[in-house]
Amino acid sequence: MQWIGDLERAFAAAIYPSRVVVAIALAGLLVAVAMIARRRGWVRAVRRHPGRATAILVPALAIALPFGWYLASPLVLSKTLDEPAPIVSGVTASVAPTVKAAAAAQPSPTPALPAPATPSPTPAPFAKSGSFSGADDFHFGRGTAHLIETAPGVFVVRLADFEVRNGPDLYVYLSPSADGYADGAVELGALKADKGNQNYEVPAGVDPTTAGSVVIWCKQFSVLFAIAPLDS
């Protein structure tokens, strides 16, 4: 259904910024159609042939209503989720102290204490972050994306103070490009909510150093909703 995505992008780019003018024009068009229908007797024709009208109207509504609800319902429905921040577990290196053997010839009355071992410094966990922005005026995006190492080799993407235009079939991706969705983008899962704080596990084996952005992407119609470029 790529053509639906193309229409949606055209709407977002051309119609939405002028939505007030377009709404007024559509209202005027509906009034004009109603007046024409009344003058030409379309309503009377439907009343004279109710069977034909029903045979046309019912299948059309059976297709249009579910499809329209699938596309439009995310615009009126909203969900807020507040998941706790992921716990970052540190790695502390421990070194056992080594005890020197006493001299075999004659024991010392006061043996010297071994020097305390110096623990190896724990490297800071890997982390990247970036602020969300929408793809256009219609597809807004706000909040911050964090790519966090919660344990050695384990990574989580956290969306904090997040909000995005809701839509059908939205997914979270970790993209290698800072400009948005690109070949090689890693799917992290379906978007849990259009508002709030939420966490997404990064699949094992993904190199976090290649991550350029966190993307909110409409999988069904290939439409970019929001992007958070990650700092390097």
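Criteria and cut-off values
Residues numbered from 1 in each chain as written. Predicted model: local features only at pLDDT ≥ 70, side-chain atom pairs only at ≥ 80, totals over all residues. Heavy atoms only, no water. Buried < 20%, exposed > 50% of the residue type's maximum accessible area, 1.4 Å probe, protein only. Helix = DSSP H or I, 4+ residues; strand = E, 2+ residues; numbered from the N terminus. Pairing = 2+ DSSP bridges. pLDDT = per-residue confidence, 0-100. Contact = heavy atoms within 4.5 Å. Axes fitted to C-alpha atoms, helices over the stretch in contact; angles between N-to-C directions. Core = buried A, V, L, I, M, F, W, Y, C linked by side-chain atoms within 4.5 Å. Salt bridge = Lys/Arg side-chain N within 4 Å of Asp/Glu carboxyl O.

### Observations regarding the pairing of strand E8 (residues 195-201)
Thinking step 1. Where burial is concerned, most of E8 is hidden: 5 out of the 7 residues are buried.
Thinking step 2. Pairing between strand E1 (residues 80-82) and E8: 3 bridges, direction parallel. Bridging from a neighbouring strand, leucine 81 pairs with glycine 196 of E8.
Thinking step 3. Pairing between strand E5 (residues 154-164) and E8: 6 bridges, direction antiparallel. Each bridged residue has a counterpart across the sheet, and for arginine 158 the counterpart in E8 is asparagine 199.

### Let's talk about the confidence of the model for the protein chain
Thinking step 1. Per-residue pLDDT for the protein chain averages 79, and the proportion of residues at 70 or more is 67%.
Thinking step 2. Predicted confidence is poor over residues 91-105, with pLDDT under 50, and the contacts of this stretch with residues over four places away or in other chains come to 10 contacts.

### Some details on the side chain of arginine 158
Thinking step 1. Mapped onto the elements, arginine 158 comes out in strand E5.
Thinking step 2. Setting aside anything within four residues of it in sequence, one finds arginine 158 in contact with Glu83, Pro84, Ala85, Pro86, Thr144, Ala145, His146, Ile148, Asn197, Gln198 and Asn199.

### Here we look at the sheet that holds E5
Thinking step 1. Spatially, the 5 strands line up as an open sheet ordered E1-E8-E5-E4-E2, and their pairing is mixed. The sheet is open, and its two edges are formed by E1 and strand E2 (127-131), each paired on a single side. This sheet shows a mean twist of 25° between the axes of neighbouring strands, independent of strand direction.
Thinking step 2. Sheet topology places E2 next to strand E4 (residues 141-151); 5 bridges connect them, and they run antiparallel.

### Focus on the sheet that holds strand E7 (residues 186-190)
Thinking step 1. If you walk across this open sheet you meet the 5 strands as E3-E10-E9-E6-E7, and the pairing is antiparallel. The open sheet has two free edges, formed respectively by strand E3 (133-134) and E7, since each of these has just one partner strand.
Thinking step 2. Pairing between E3 and strand E10 (residues 223-229): 2 bridges, direction antiparallel. In the sheet register, serine 133 faces E10, and the bridge partner there is isoleucine 227.

### Things to note about the pairing of E4
Thinking step 1. Inspection of the sheet shows E4 paired to E5 by 9 bridges, in the antiparallel sense. If you follow isoleucine 148 over to E5, its bridge partner there is valine 156.
Thinking step 2. Here E4 folds back onto E5 in antiparallel fashion, the turn holding 2 residues, of which glycine 153 has a positive phi close to 80°.

### Digging into the nonpolar core
Thinking step 1. Judged by nonpolar contacts, the single largest core of 26 residues is most densely connected at Phe132, Leu159, Leu174, Leu191, Val214 and Ile216.
Thinking step 2. When residues of this core are traced back to their parent elements, those giving at least two are E4, E5, strand E6 (170-175), strand E9 (213-218) and E10.
Thinking step 3. At 5 residues, the largest contribution of residues to this core is made by E5.
Thinking step 4. Tyr173, Ala185, Trp217 and Ile227 belong to the second-largest nonpolar core, a separate cluster that totals 6 residues.

### Observations regarding the environment of alanine 160
Thinking step 1. Structurally, the position occupied by alanine 160 is in strand E5.
Thinking step 2. According to the relative accessible area criterion, alanine 160 is buried, its value standing at 12%.
Thinking step 3. Considering only alpha carbons, one finds alanine 160 and glutamate 83, 77 residues apart in sequence, at a separation of 9.5 Å.
Thinking step 4. Contact partners of alanine 160, with chain neighbours within four places excluded, come to Gly143, Thr144, His146, Gly196 and Asn197.

### With respect to the pattern of salt bridges
Thinking step 1. Tallied over the full model, the rule gives 3 salt bridges.
Thinking step 2. Across the pair glutamate 83 and lysine 192 runs a salt bridge, and its minimum N-O distance is 3.2 Å. Here the residue glutamate 83 occupies a position in the loop between E1 and E2, and lysine 192 occupies one in the loop between E7 and E8, the gap between them amounting to 109 residues.
Thinking step 3. On the basis of relative accessible area, lysine 192 is assigned to the partly exposed category, the value being 31%.
Thinking step 4. For the salt bridge of lysine 219 with glutamate 187, the shortest nitrogen-to-oxygen distance reads 3.0 Å. Of the two residues, lysine 219 sits in the loop between E9 and E10 while glutamate 187 sits in strand E7, which places them 32 residues apart along the sequence.

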